[in-house]
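Below are the chains, spelled out letter by letter.
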Amino acid sequence: GPAVSCRGVGKIWAAGTSRAHEALQDIDLEIEPGEFVVLLGPSGCGKSTLLYLIAGLEQQTSGLLTYFGDAVTAPSPDRSLIFQETSLFPWLSVWENVSFGLQIRGDSEPDRRAAAKEVLQRVGLAEAGSKRPDELSGGMRQRVAVARALAMRPRVLLMDEPFAALDVQTRQKMQDFLIDVWRDSGASVVFVTHHIDEAVALADRVCVFTARPGRIKETVKVDLPRP
Ligand code: ADP
Ligand code: ADP
């Protein structure tokens, strides 16, 4: 079955208060294992809200949201969320940042070392393990963020405008990089952007949102060759 399934999902922020605010309405969406889905739409249409719901960081107000058949009720490193400015721990080295989740999970030191080495190679940062985040460029920091997520072997990567803070050239390189990493990982990606170019370059399928409340207006299959 699908990796992620949304059936009639709605989200009202501050439901039941005078500040109640409907961010999402009646979202039907199925994401297959290994599929690359882009959520495209104007600012405020609920794209980030939907990622929070899939991540389990927030609960939907209506409808059913499942991850490989199970209702999503809490966060899991299986569904790692990567933000525009990812919060790497500034006082930890790249190695330590990447190993952190593995350590919390209780992996042994040799296992952590091996896993961190492998993912840092995959993101092209094998040589940067002992550096601190502030010694890296913005693009490299986002690679570390992807490595940190990949170390947990997620089946779904949730990415909220991850390249929005990067210059145009770096963004292009990061798109190519992401496609390579995604292909090797076998994970599904749900990628949020408001750039049509980025959506078309990356997606198997683009879900186009309308605002107030956020709804999926149409779903477009993309059949362009990737780099
Ligand atoms: P997008 O990612 O498409 O820009 P968001 O999901 O961030 O849209 O926002 C959708 C709506 O939900 C907006 O009106 C926003 O103000 C509201 N919203 C987002 N996050 C919160 C929050 N934590 N609390 C209350 N309202 C929120
Ligand atoms: P909780 O303790 O409430 O279950 P967590 O703190 O484990 O939540 O997870 C919150 C979010 O942060 C999840 O999306 C998870 O994937 C992510 N996360 C937690 N620890 C790490 C880590 N070391 N590396 C990467 N992502 C992490």
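The name given to the protein chain in an unreviewed UniProt entry is ABC transporter ATP-binding protein, and the organism recorded there is Nisaea acidiphila. UniProt, in the comment section headed Sequence similarities (unreviewed entry), describes the protein chain in these words: "Belongs to the ABC transporter superfamily."

Overview of the side chain of T66
Position of T66 among the secondary structure elements: in strand β4 (residues 62–67). Each residue touching T66, except ones within four places of it in the same chain, is listed here: A3, V4, S5, A71 and V72.

Section: the sheet that holds strand β5 (residues 70–71)
Where strands meet in a sheet, backbone hydrogen bonds hold them as pairs that are either parallel or antiparallel. Ordered in space as β2-β1-β4-β5, the four strands form an open sheet in which the pairing is antiparallel. One side of each edge strand has no neighbouring strand; the edge strands of this open sheet are β2 (21–31) and β5. With two bridges connecting them, β4 and β5 associate as antiparallel partners. Note that in β5 the partner of T66 across the bridge is A71. The strands touched by helix α1 (residues 47–55) within the sheet are β1 (4–13), β2 and β4, with β1 carrying the most contacts at an inclination of about 120 degrees.

Let's talk about the site of ligand 1
Neighbouring residues of ligand 1: W13, H21, A23, P42, S43, G44, C45, G46, K47, S48 and T49. Here an oxygen atom of ligand 1 and a backbone polar atom of G44 are 2.7 Å apart. Within the backbone of C45, an N or O atom sits 3.1 Å from an oxygen atom of ligand 1. Its free accessible area being 560 Å², ligand 1 has 61% of it covered by the protein chains. Those elements giving two or more residues to the shell around ligand 1 turn out to be β2 and α1.

Digging into the sheet that holds strand β8 (residues 188–193)
As summarised here, the arrangement of the six strands in space is β6-β7-β8-β3-β9-β10, forming an open sheet in which the pairing is mixed. Lying at the two open borders of the sheet, with one neighbouring strand each, are β6 (79–82) and β10 (215–221). The sheet shows a mean angle of 20 degrees between the axes of neighbouring strands, direction not considered. The pairing of strand β3 (residues 36–40) with strand β9 (residues 205–210) spans four bridges and is parallel. Bridge pairing links L39 to C207 in β9. Across the sheet, α1 touches β3, β6, β7 (156–160), β8 and β9, and the angle it forms with β7 is around 150 degrees.

Comments concerning helix α2 (residues 94–105)
Owing to its 3.6 residues per turn, the α-helix brings residues three or four apart onto one side. Three or more residues of α2 are buried, namely V94, N97, V98, S99, G101 and L102. One or two residues past the end of α2 sits G106, with phi positive at roughly 95 degrees.

Considerations on the environment of K221
Along the chain, K221 turns up in strand β10. Distance from K221 to A203, taken between C-alpha atoms, is 8.1 Å for residues 18 residues apart in sequence. Once you skip the residues sitting within four places of it in the chain, K221 turns out to touch D204 and R205.

Quick look at the packing of α2 against helix α3 (residues 109–122)
Running from N to C, α2 and α3 point in directions that differ by 125 degrees, and their axes come no closer than 9 Å. The angle between α2 and α3 falls in the class oblique. Both α2 and α3 take part in a crossing whose hand is right-handed. Here V94, W95, V98, S99, L102 and Q103 of α2 lie close against α3, whose contacting residues are R112, R113, A115, A116, K117, V119 and L120.

Comments concerning the packing of aromatic side chains
All chains considered together, the criterion is met by six aromatic pairs. Pairing Y67 with F68 gives two aromatic rings, centres 5.0 Å apart and planes at 80 degrees, and the pair type is edge-to-face. For Y67, a relative accessible area of 10% puts it in the buried group. A relative accessible area of 28% places F68 in the partly exposed class. Taken together, a centroid distance of 5.9 Å and an interplanar angle of 55 degrees make the contact between F163 and F191 tilted. In this pair, F163 is assigned in the loop between β7 and α5 (168–185) and F191 in strand β8, connecting sequence segments 28 residues apart.

Thresholds, definitions, all that
Residues numbered from 1 in each chain as written. Chains lettered and ligands numbered in written order. Predicted model: local features only at pLDDT ≥ 70, side-chain atom pairs only at ≥ 80, totals over all residues. Heavy atoms only, no water. UniProt positions renumbered as here; feature names shortened; annotations may be inferred. Helix = DSSP H or I, 4+ residues; strand = E, 2+ residues; numbered from the N terminus. Contact = heavy atoms within 4.5 Å. Pairing = 2+ DSSP bridges. Axes fitted to C-alpha atoms, helices over the stretch in contact; angles between N-to-C directions. Near = heavy atom within 4 Å. Polar contact = N/O pair within 3.5 Å; in protein donor to acceptor, adjacent residues only side chain to side chain. Areas by Shrake-Rupley, 256 points an atom, 1.4 Å probe, with all protein chains shown as cover. Buried < 20%, exposed > 50% of the residue type's maximum accessible area, 1.4 Å probe, protein only. Parallel < 35°, antiparallel > 145°, perpendicular 65-115°, else oblique. Left-handed = near helix turned anticlockwise from the far one by under 90°. Phe/Tyr/Trp six-rings, centres within 6.5 Å; stacked < 30°, edge-to-face > 60°.

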